[in-house]
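Listed below, chain by chain, are the residues.
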Amino acid sequence: MNRKAEEKTGSVIPHHTEGKAKKDRQIFVPLKKYASIRKQLYTIYILAVILPIMIIGSFLLWNTYRLLTDYHRDLLESDNSRVRNILFEMTTQVYNISENLVFDDGIQEVLRGNGLPDAGMTEKADRLTALDNYNYNYAEIESIEIYTGNPMLTDYKQFHYADEELRGKKWYQRALEQSSVFWVPLMSSDKYGNEYWNLCLVRKIPVMRSDYDGVMVIRISDNYLHTRIGSRQYETMVSVDREPVFFSTDRSAYGSGQAVPIDYGESYYRYAGTLKTESGMCFVNVSTLPMYQSDSDIYICTFNSQAFGNIGSIIGICVAIIAVAILIPGVLIHYFTAYFTSRV
C-alpha cells in the first residue's frame, strides 16, 4: 500500500507549476505564429517567384544576347558579301575593257609614233574614239590614261609622256616588268588642291615595232563607289594588297591602314569578331577578294558600331521586365503578410 501511494503521489503535478507553463505558452504562441507565418510566406515567395524568374530570366537574357549577336553578325557578313560582289563585278568589267583596249589598233598606232611630229599624233588620237566611248559610257570609270616613254609623243587627251619622275614610280616600273594586270591605289588632286584616292587597274601595253611600251591606268570613280557601296548602317574600309585604304565611308580614313590587322600571308583571309574603336565596341567582318586575272587581292572590312548599343537597349528592357516581374509579387506578398499577421 505504501509503494502504490508513493507512485501515485510522484505522478501528480502541482497546480501552481502547471498554471505557470500554460501562461508562458499563451505569451509566446502568438509571436511564434506571427514569425512562422511571415517566414513561410516569404519562403514561398522566394522559392515560387524569385528563384524561377531568376533562373528562367537569366537563360532568356543569355539566349536573347546570343540570338541578337548572331543576327547582327549575319547582317554584317551579308553586307560584306554585298560589297565584295559589287567590287568583283566592277573590277571584272574594267579588266574586260582593258583587254579590248590593250590590243586596239588605233592605240597601237598612236603609241608607235614612228618619228611623226605632234600634229600626226594628235590627228590619230582624234580619230580614236574607243577611249572616249568607254570613259563616257561606263559610270564606274573616272578616267583612262595611257603613258609612254616615247619622246616623240606629247600630252594629248588620254595620252601622256612619262617623264623621269613618273618612270621612277614603283607602279610604273612594275607595269613594265610584268605582263599581268595588277591593281594599286593612286592619289590624285584637283585644281583646288583636294586629294583623292582611286583604285586603279594598271597593265602594260606591248607596242609592236617600237622600243617603247605603253602603260594603261584605268581609274575607278570614287563617287561611283560611294553610290554603290555606301551604307547608312555600316561602315566600310577597302584596301588592296598591303597598300593604304583607297575607299572608306569615313573619308578621313583614306590613305591610312586597315583598322583590323590582316594576315597577308593567308591566301584567303577572313575574320569575324569585335573591335574596340574610339566610338566603342563594334562588330567587324573582313573578307578577301582575289582579283580576276590578277595576283592582287582586295581586303574588305565592314563595321557595325550601332549593334552593341541596340543589343544593350534590348537587354536593358528585358532586365527591367524581369525586375518588375519580381518586384510586383514582392510588394503584394509584403502587404498581404502584414495584413494577415495583424489579424492573427
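These notes cover the structure that comes with them. (Residues numbered from 1 in each chain as written. Predicted model: local features only at pLDDT ≥ 70, side-chain atom pairs only at ≥ 80, totals over all residues. Heavy atoms only, no water.)

Things to note about the sheet that holds strand 5 (residues 214–220)
Argument step 1. Strand order in this open sheet of 5 strands is 2-1-5-4-3, and the pairing throughout is mixed. Every interior strand has two partners, whereas the edge strands, strand 2 (159–161) and strand 3 (182–189), have only one. Taken over all neighbouring pairs, the strand axes of this sheet differ in orientation by 35° on average, direction set aside.
Argument step 2. Contacts from helix 5 (residues 130–137) reach strand 1 (141–148) and strand 2 within the one sheet, and its direction differs from that of strand 1 by about 150°. (Pairing = 2+ DSSP bridges. Helix = DSSP H or I, 4+ residues; strand = E, 2+ residues; numbered from the N terminus. Axes fitted to C-alpha atoms, helices over the stretch in contact; angles between N-to-C directions. Contact = heavy atoms within 4.5 Å.)

Observations regarding the environment of G312
Argument step 1. With respect to the helices and strands, the residue G312 is situated in helix 9 (residues 307–343).
Argument step 2. Sequence separation between G312 and Y65 is 247 residues; the distance between their C-alpha atoms is 8.7 Å.

Quick word on the nonpolar core
Argument step 1. Ranked by size, the top nonpolar core spans 44 residues in total, and within it L87, L101, I107, F159, W183, F246 and I298 carry the most contacts.
Argument step 2. With residues up to four places along the chain from it excluded, the contact list for W183 reads T91, V94, L199, C200, L201, I220, V240, D241, M291, S294 and S296. (Core = buried A, V, L, I, M, F, W, Y, C linked by side-chain atoms within 4.5 Å. Buried < 20%, exposed > 50% of the residue type's maximum accessible area, 1.4 Å probe, protein only.)

A closer look at the packing of aromatic side chains
Argument step 1. Taken as a whole and assessed by the stated rule, the structure comprises 7 aromatic pairs.
Argument step 2. Plain terms: the ring middles of W171 and Y172 are 5.9 Å apart, the flat faces sit at 80° to each other, and that makes the pair edge-to-face.
Argument step 3. With a centroid separation of 5.2 Å and 90° between ring planes, the pair formed by Y264 and Y299 is classed as edge-to-face. In this pair, Y264 sits in the loop between strand 7 (245–248) and strand 8 (271–277) while Y299 sits in strand 10 (residues 297–304), placing the two residues 35 residues apart along the sequence.
Argument step 4. Residue classification places Y299 among the buried residues on the basis of a relative accessible area of 2%.
Argument step 5. An aromatic cluster is built from Y147, W171 and Y172, whose rings are joined through pairwise contacts.
Argument step 6. Positioned above the aromatic ring of F182, the side-chain terminus of R174 is 4.1 Å from the ring centre. (Phe/Tyr/Trp six-rings, centres within 6.5 Å; stacked < 30°, edge-to-face > 60°. Lys NZ or Arg CZ within 6 Å of the ring centre and 35° of its normal.)

Examining the pattern of salt bridges
When the charged atoms of two side chains lie near each other, side chains of opposite charge can form a pair.
Argument step 1. Within the structure shown, the criterion is met by 8 salt bridges.
Argument step 2. For R203, the salt bridge goes to E99, with nearest N and O atoms at 2.9 Å. Taken together, the residues span a long stretch of sequence, with R203 in strand 4 (residues 195–205) and E99 in helix 2 (residues 15–102) at a distance of 104 residues.
Argument step 3. Given the relative accessible area of 7%, R203 is considered buried. (Salt bridge = Lys/Arg side-chain N within 4 Å of Asp/Glu carboxyl O.)

Observations concerning the sheet that holds strand 9 (residues 280–290)
Argument step 1. Spatially, 5 strands are ordered 7-6-10-9-8 in an open sheet, and the strand pairing comes out antiparallel. The open sheet has two edge strands with one neighbour each: strand 7 and strand 8. Strand after strand, the sheet turns through a mean of 25° between neighbouring axes, direction not considered.
Argument step 2. The pairing of strand 8 with strand 9 spans 7 bridges and is antiparallel. Bridge assignment links T277 to a residue of strand 9, and that residue is G280.
Argument step 3. In the packing of helix 8 (residues 222–229) onto the sheet, the strands contacted are strand 6 (235–240) and strand 7, and the crossing angle to strand 7 comes to about 45°.

Structural notes on helix 7 (residues 170–177)
Argument step 1. Burial in helix 7 covers these residues: W171, Y172 and A175. The buried residues of helix 7 occupy an angular sector of 100° when the element is viewed end-on, so they sit on one face. Exposed positions of helix 7 whose direction lies more than 90 degrees from the buried face are K170 and E177.
Argument step 2. On its buried face, helix 7 is in contact with strand 1, helix 6 (164–167), strand 3, strand 4 and strand 5. (Arc of directions from axis to C-beta.)

So, unusual backbone geometry
Argument step 1. Not every positive phi belongs to a glycine, and K157 is a case in point at roughly 55°.
Argument step 2. Mapped onto the elements, K157 comes out in the loop between strand 1 and strand 2.
Argument step 3. Relative accessible area serves as the criterion here: at 36%, K157 is assigned to the partly exposed category.
Argument step 4. At Q293, a residue that is not glycine, the phi angle is positive and equals roughly 55°.
Argument step 5. Along the chain, the position of Q293 falls in the loop between strand 9 and strand 10.

Section: the pairing of strand 10
Argument step 1. Of all the 8 residues making up strand 10, 8 are buried; the element is thus mostly covered by neighbouring parts of the structure.
Argument step 2. Here strand 10 shows no split at all, with D297, Y299, C301 and F303 on one side and I298, I300, T302 and N304 on the other all buried.
Argument step 3. By the bridge criterion, 6 bridges tie strand 6 to strand 10 in an arrangement that is antiparallel. Among the inter-strand pairings, S239 is bridged to a residue of strand 10, identified as Y299.
Argument step 4. In this structure, strand 9 lies alongside strand 10, joined through 8 bridges in antiparallel fashion. For F283, the partnering residue across the bridge sits in strand 10 and is N304.
Argument step 5. Two successive antiparallel strands, strand 9 and strand 10, enclose a turn made up of 6 residues, where Q293 displays a positive phi of approximately 55°.

Focus: the pairing of strand 1
Argument step 1. Of all 8 residues that make up strand 1, 7 are buried, and the element is covered over most of its length.
Argument step 2. As paired elements, strand 1 and strand 5 share 7 bridges and run antiparallel to each other. If you follow I146 over to strand 5, its bridge partner there is M216.
Argument step 3. Looking at chain direction, strand 1 and strand 2 are connected through 3 bridges and run parallel. Along strand 2, the bridge assignment pairs I146 with F159.

The values reported here are purely geometric and, on their own, carry no functional implication.
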